Amino acid sequence: MIITDKLLQEDIPQFWAIDKAVWTCDNTPALFQYEDFDRYAEGLWRQQLLIAKDESTGEVLGSVSYHHPSPLPGHSRQWELGISIAPKAQGQGVGRRLMKELIRRAPAEKIGKISLKVFTTNPGARTFYKKLGFVDEGLLQKEFWLDGRWVDEYLMAYYIDDTLSVET
């Protein structure tokens, strides 16, 4: 497996298929974004991504997208992330390798915190993040009304280093 940050045009249909296969009302409030391929592709080009690919075939196995929570200067040392792993690649260390690479790159970008949100209806994901060192920061109760029910959402974070320089 290789990890790259270079999105290729031929990768986009693979991303589309992975996201359509893995996202449900049990793990995302944003299913609508997978209804129009052209809009999906346009949005993908704007994302910062780490992409895991099969080294021999070039097949996309999964990805991590990351961004600052807002354009405010006070958010310049934090990333929020989203992760998506192809169903056939789940449980094979792809997600762990992507997350470890993101964490490895964070200090060079002066990132001290990586945060994410995970539905209470997705306990496997929460367990995965905890094994990587993420901690619970809070619980948003009744955060989303999805598929005829309320869904709560955990806020989780990984702290890189609180001693980062204050240079600008």
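Residues numbered from 1 in each chain as written. Predicted model: local features only at pLDDT ≥ 70, side-chain atom pairs only at ≥ 80, totals over all residues. Heavy atoms only, no water.

**Comments concerning the packing of aromatic side chains**
Okay, step 1: Counted by the stated rule, this structure contains 8 aromatic pairs.
Okay, step 2: An angle of 80 degrees between the planes, with centres 5.3 Å apart, marks the rings of Trp16 and Phe37 as edge-to-face. Of this pair, Trp16 sits in helix α1 (residues 12-22) while Phe37 sits in helix α2 (residues 37-45); the two residues are 21 residues apart in sequence, bridging distant segments of the chain.
Okay, step 3: Looking at Trp16, the relative accessible area reads 17%, which means it is buried.
Okay, step 4: With a centroid separation of 5.3 Å and an interplanar angle of 70 degrees, the aromatic rings of Trp145 and Trp150 are classed as edge-to-face.
Okay, step 5: Within the aromatic cluster, the residues linked to one another by ring pairs are Phe128, Tyr129, Phe134 and Tyr158.
Okay, step 6: In this arrangement the basic side chain of Arg126 is found over the ring face of Tyr154, its NZ or CZ atom lying 3.7 Å from the centre. (Phe/Tyr/Trp six-rings, centres within 6.5 Å; stacked < 30°, edge-to-face > 60°. Helix = DSSP H or I, 4+ residues; strand = E, 2+ residues; numbered from the N terminus. Buried < 20%, exposed > 50% of the residue type's maximum accessible area, 1.4 Å probe, protein only. Lys NZ or Arg CZ within 6 Å of the ring centre and 35° of its normal.)

**What to know about the confidence of the model for the protein chain**
Okay, step 1: Looking at the protein chain, the pLDDT average stands at 90 and 93% of residues meet or exceed 70.
Okay, step 2: Within the protein chain, the lowest mean pLDDT, 89, falls on α2, and the highest, 97, falls on strand β2 (residues 48-53). (pLDDT = per-residue confidence, 0-100.)

**What to know about unusual backbone geometry**
Okay, step 1: The backbone of Lys142 sits at a positive phi, close to 50 degrees, despite the residue not being glycine.
Okay, step 2: With a relative accessible area of 52%, Lys142 lands in the exposed category.

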